[in-house]
Amino acid sequence: MATLWQDVRYGLRMLARSPGFAAVVVAILALGIGANTAIFSVVNATLLRPLPYVQSEQLVQVKRDLIKDSKREISDFTPVAQLLAWQRENRAFASLAGYVRAEATLTGGQRAERVQCGRVTAGFFSLLGVQPSLGRAFLPEEDQAGAPPAVVLSHSVWQRCFGADPAAIGRTVLLDERSHTIVGILPAGFQFIESYDVYVPLMLEQIPVHRDEGVAITITYGSSDPAVIGRLKPGIRPVQAQTDLDRVVETTAEPQERGRVLLVSLHEHVVASTRSSLYILLGAVGFVLLIACANVANLLLARVSGRRREMAIRAAMGAGRWRILRQLLIESVLLALLGGVGGLVLTCAAMSLLRAFGAVNLPQFASIRVDRWVLAFTTLVAVAASLVFGLVPAWETSQVRLVESLKEGGRGTTQGRSSQRLRSVLVASEVGLALVLLTGAVLLVKSFLILHGIDPGFRPDRLLALTVHLSPSKYPRLELQAGYFEEALSRLRAVPGIELVAASATPPLSHVVTGEFIQVEGRPAEPPSADSFIPCDMVSPDFFRVLGIPLRSGRFFTEQDRRGAPGVVIINESLSRRCFPNEDPVGRQIKGALGGSDWWTIVGVVGDVHQFGVEQGVWPQLYRSCLQAGFPRMSIVAQTAGDPLRLAAAVRSQVESVDRDQPVFDVQTLEQRLSGQMAPRRAKMILLGTFAVIATVLAAAGIFAVISYTVAQRTHEIGVRMAMGAPGGHILKLVVRQGIVLAAAGVGAGLLASLWLTRYLAGMLYDVKPVDPLTFTTVAVLLIGVAALACMLPAWRAAKVDPMIALRSE
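Report follows, based on the coordinates. The structure presented is a predicted model; accordingly, all values stated were derived computationally and were not measured.

A separate point is the overall build of the protein. Secondary structure summary: the protein contains 22 helices and 24 strands in total. Considering only contacts within the protein whose residues lie at least 6 apart along the sequence, 82% involve residues at least 24 apart. Of the accessible surface of the protein, which amounts to about 35,600 Å², a share of 60% is contributed by carbon and sulfur atoms.

Taken as a whole and assessed by the stated rule, the structure comprises 29 salt bridges. A salt bridge links arginine 459 to aspartate 461, with the shortest nitrogen-to-oxygen separation between them at 3.9 Å. By relative accessible area, arginine 459 is classed as partly exposed at 29%. Among the residues examined, aspartate 461 registers a relative accessible area of 27% and is labelled partly exposed. The partner of glutamate 499 in a salt bridge is arginine 462, and the shortest N-O contact between them spans 3.2 Å. Of the two residues, glutamate 499 sits in strand 15 (residues 498-504) while arginine 462 sits in the loop between helix 13 (414-452) and strand 14 (463-469), which places them 37 residues apart along the sequence. The partly exposed category is assigned to arginine 462, whose relative accessible area is 27%. A single network of salt bridges, built from pairs that share partners, joins Glu103, Arg114, Asp176 and Arg633.

With that out of the way, let us pick up the side chain of asparagine 36. By the element assignment, asparagine 36 lies in helix 2 (residues 19-48). Judged by its relative accessible area of 5%, asparagine 36 falls in the buried class. Within the local environment of asparagine 36, its side chain forms a polar contact with the backbone oxygen of glycine 32, the two atoms lying 2.7 Å apart. Side-chain polar atoms of asparagine 36 contact the backbone oxygen of valine 285, separated by 2.8 Å. What asparagine 36 contacts, discounting residues up to four positions off in sequence, is Val285, Gly286, Leu289 and Phe377.

Take the packing of helix 14 (residues 478-493) against helix 17 (residues 648-658) next. Taken N-terminus to C-terminus, the directions of helix 14 and helix 17 make an angle of 145°; their axes are 9 Å apart at the nearest point. In this structure, helix 14 meets helix 17 at a crossing whose hand is right-handed. Facing Tyr484, Glu487, Ala488, Arg491 and Leu492 of helix 14, the residues of helix 17 in contact are Val651, Gln654, Val655, Ser657 and Val658. Looking at the contact of helix 14 with helix 17 residue by residue, the class counts come to six nonpolar, two polar and two charged.

Here we come to the packing of aromatic side chains. Under the defined criterion, the tally for this structure stands at 22 aromatic pairs. Ring centres of tyrosine 53 and phenylalanine 190 lie 6.3 Å apart, and the angle between their planes is 55°; this geometry places the pair in the tilted category. A residue pair is termed long-range when its members are at least 10 positions apart, and tyrosine 53 in the loop between helix 2 and strand 1 (59-68) and phenylalanine 190 in the loop between strand 8 (178-185) and strand 9 (198-201) qualify at 137 residues. Judged on exposure class, the residue tyrosine 53 and its partner phenylalanine 190 are both buried. The interplanar angle of 85° and the centroid separation of 6.2 Å between the aromatic rings of tryptophan 756 and tyrosine 760 together place this pair among those described as edge-to-face. Among the aromatic residues, ring-to-ring pairing joins Tyr53, Tyr99, Phe124, Phe125, Phe138, Phe190, Phe192, Tyr196 and Tyr199 into one connected group.

Attention now moves to the nonpolar core. Counting residues in each nonpolar core, the largest one holds 145 residues, and the members touching the most others are Phe124, Phe125, Leu128, Phe192, Tyr199 and Phe544. With 17 residues, helix 18 (residues 670-713) is the single largest residue contributor to this core. The contacts of phenylalanine 192, once residues within four sequence positions are left out, are Tyr53, Tyr99, Phe124, Leu128, Tyr199 and Ile229. Ranked by size, the runner-up nonpolar core spans 42 residues in total, among them Val569, Ile602, Cys626 and Ala648.

Note that glutamine 110 resides in the loop between strand 3 (93-107) and strand 4 (113-120). On the basis of relative accessible area, glutamine 110 is assigned to the exposed category, the value being 59%. C-alpha of glutamine 110 to C-alpha of arginine 160: the two residues are 50 residues apart in sequence and 8.2 Å apart in space. Sequence-distant contacts of glutamine 110, that is, excluding residues within four places in its chain, are made with Arg160, Cys161, Phe162 and Gly163.

Glancing now at unusual backbone geometry. A positive phi is found at alanine 164, a non-glycine position, where the angle reads about 55°. Structurally, alanine 164 is set in the loop between helix 5 (155-162) and strand 7 (172-175). The phi torsion at aspartate 767 lies on the positive side, around 60°, for a residue other than glycine. Following the sequence through the fold, aspartate 767 ends up in the loop between helix 20 (728-757) and helix 21 (773-799).

Attention now moves to a nonpolar patch on the surface. Together, Leu337, Val383 and Leu387 line one region of the surface with nonpolar side chains, adding up to about 220 Å² of accessible area. As for its position among the elements, valine 383 is in helix 11 (residues 372-398).

It is worth spelling out the pairing of strand 23 (residues 633-640) at this point. Summarising burial for strand 23: eight of the eight residues are buried, a large majority. Pairing between strand 14 and strand 23: seven bridges, direction antiparallel. Paired with valine 468 across the bridge in strand 23 is methionine 634. For strand 15 and strand 23, the ladder comprises six bridges, and the chain directions are antiparallel. Each residue of the ladder has a partner; that of isoleucine 498, found in strand 23, is threonine 640.

Rules used in this analysis
- Residues numbered from 1 in each chain as written.
- Predicted model: local features only at pLDDT ≥ 70, side-chain atom pairs only at ≥ 80, totals over all residues.
- Heavy atoms only, no water.
- Helix = DSSP H or I, 4+ residues; strand = E, 2+ residues; numbered from the N terminus.
- Contact = heavy atoms within 4.5 Å.
- Areas by Shrake-Rupley, 256 points an atom, 1.4 Å probe, with all protein chains shown as cover.
- Salt bridge = Lys/Arg side-chain N within 4 Å of Asp/Glu carboxyl O.
- Buried < 20%, exposed > 50% of the residue type's maximum accessible area, 1.4 Å probe, protein only.
- Polar contact = N/O pair within 3.5 Å; in protein donor to acceptor, adjacent residues only side chain to side chain.
- Axes fitted to C-alpha atoms, helices over the stretch in contact; angles between N-to-C directions.
- Left-handed = near helix turned anticlockwise from the far one by under 90°.
- Nonpolar A, V, L, I, M, F, W, Y, C, P; charged D, E, K, R; others polar.
- Phe/Tyr/Trp six-rings, centres within 6.5 Å; stacked < 30°, edge-to-face > 60°.
- Core = buried A, V, L, I, M, F, W, Y, C linked by side-chain atoms within 4.5 Å.
- Patch = residues over 30% accessible without salt bridge, like charges linked within 9 Å, V, L, I, M, F, W, Y side chains within 5 Å.
- Pairing = 2+ DSSP bridges.

No statement about biological role is implied by the geometric values presented.
So this is what it looks like as structure tokens:
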């Protein structure tokens, strides 16, 4: 141990003697280790760390594998009757629970607020092993129809709406104007896989489906059928539980609802959508670390010749080869540990960047932190890196030849030539790895640019949107609903800086779907199906002007298109092509196939809009005047003269002033909504692009170092060539050619690797093939060009060598 400590102190002194060299090595390693630690901390929290529930490995998500219309369909939802049958008759589960997402207006706190509501069965919290921090969970009798309504609040809502007052337990609040008694407050750290603000018993109410004038409304934030989670009994395997639930289905389910049960671990259910992307990013930063290690190995190999005399003296004084090798490896470990410390600093900085890039959409992102596992990973990476970059240089240096090393002015040896070959191989490897990363990054950039260049069909700039959900008891009739929104629009028109305002039930990018199955006059009605579902929006007359949606034929809605006037509709170009190919649809009539006897006259055709985001393509679309077909939930869109966010507070205040009991929420610009949809792709593109740039810079630095070292070693040869009449341009080409040959070897290997690896990016690409010849060619030419630039300075120095000085140097 004393000898080891002595080697450590000697290693620290050697690093202190070369602070510039040590700083460069530590910086390179900090980049590689920091990038790996940052991504691993995300992978650890998202994929590796168990869910924060008691014995979470026993939790499963219950899905149904159904055959509908000759197509296989995996459903996350189960009819309530089937869930009750499973709870009664299963033998494999300790408990089963259902949950449904909904929305509700919460009043009774400091202000009315629209909240995400989780409708859950009574055993939901006990199944997860969660106990409220105040009060209690739901009782079994509260899960029965007709029971006194109860509600459990999340910790955040308790703080935000009730000032964290313990006396909130037992208070009465209104959820969509129905009284509920607060019975519990959840712990601060609890968050279900779907983030809910409040929880109510599942059996108390069904999510309403609104109908008006034959328009069927389906809202995407809820389903009347719950999703189901279960906790397996100890010793029961998922396949046994699956067989047990299949048995119950065969004896209790209706024939049309029968299908096989599919069990997925709850953890797998949560991370399934992000697993491949995170592993790709982890592989990318692994490449960055390998390039960093190769670069550091090159730097250490450059010191081999400089330290041969030192090692020869130590060998002459009795140091064995193992002692010399150990000393050099200890120095490498010290460098790696310092790089690891720098990497942790970069990791902490990278967390804020990941949030800015949109990584907050990752499951359990809030729990990402530098914990003991991340520290252990960083230490392991640092030590492994020290072995990767330190072993070969240490081996080269430890091969001491006393006579040759102690002679002053000794010439190059076979070891020197083998070292040079090894450095060339390392540099070619760096170029190959950089090409793989750069190819992936360019493919993602092309996908992003293609998406960014898609015209969404509306003009998102200078548009501010907010949503209001009216109380059904206070505004039960269309006239009252229309009156509220007309008053709100009227007040907003008077706000300085607002140019136009409009209202829409489902504006673009709102994630809310309303729709209908339509029948065309003079044609037989088609049976409703998923393919015949037509999204339908209720809009105010100025909606199309506010969003800049072009009119193709006919007219827009007017103030005269009110209740009592003939029913009118506007359709988009896609619906026109689908239902009225090669004819003008204006003046034709359609109606809802699910009910209602009134026909609607088509008065206009407007341009297509990417209603659900630019990635989702264009759907046929139907528009109705909100003055004829009202809806209690509407979004108000304001076109502003300048930055819409500057008017957000004024706009919200004006809308709230119409009725303080109606909550205003989702206050956002449409540019923010559009950007939010692109955020996951943007995050992956920026992260992989950053890694690719780092890799390219390190590869260029490696080429520069190798060529510089080669020029220094060949100074005598260059002097002889120039003394014999070789011009400077010839020397310049000679040196640059050597760098390009190294880069070309790396590019060739990298292209082969890219052909195999880029196929894993297919799920992250849009309208771009993983094997894109133009991308591969561009990246290859770019890297060879970077290599040529990296060679220019050493080549220029070689061309300026004075032959007399060069000859005397040997």
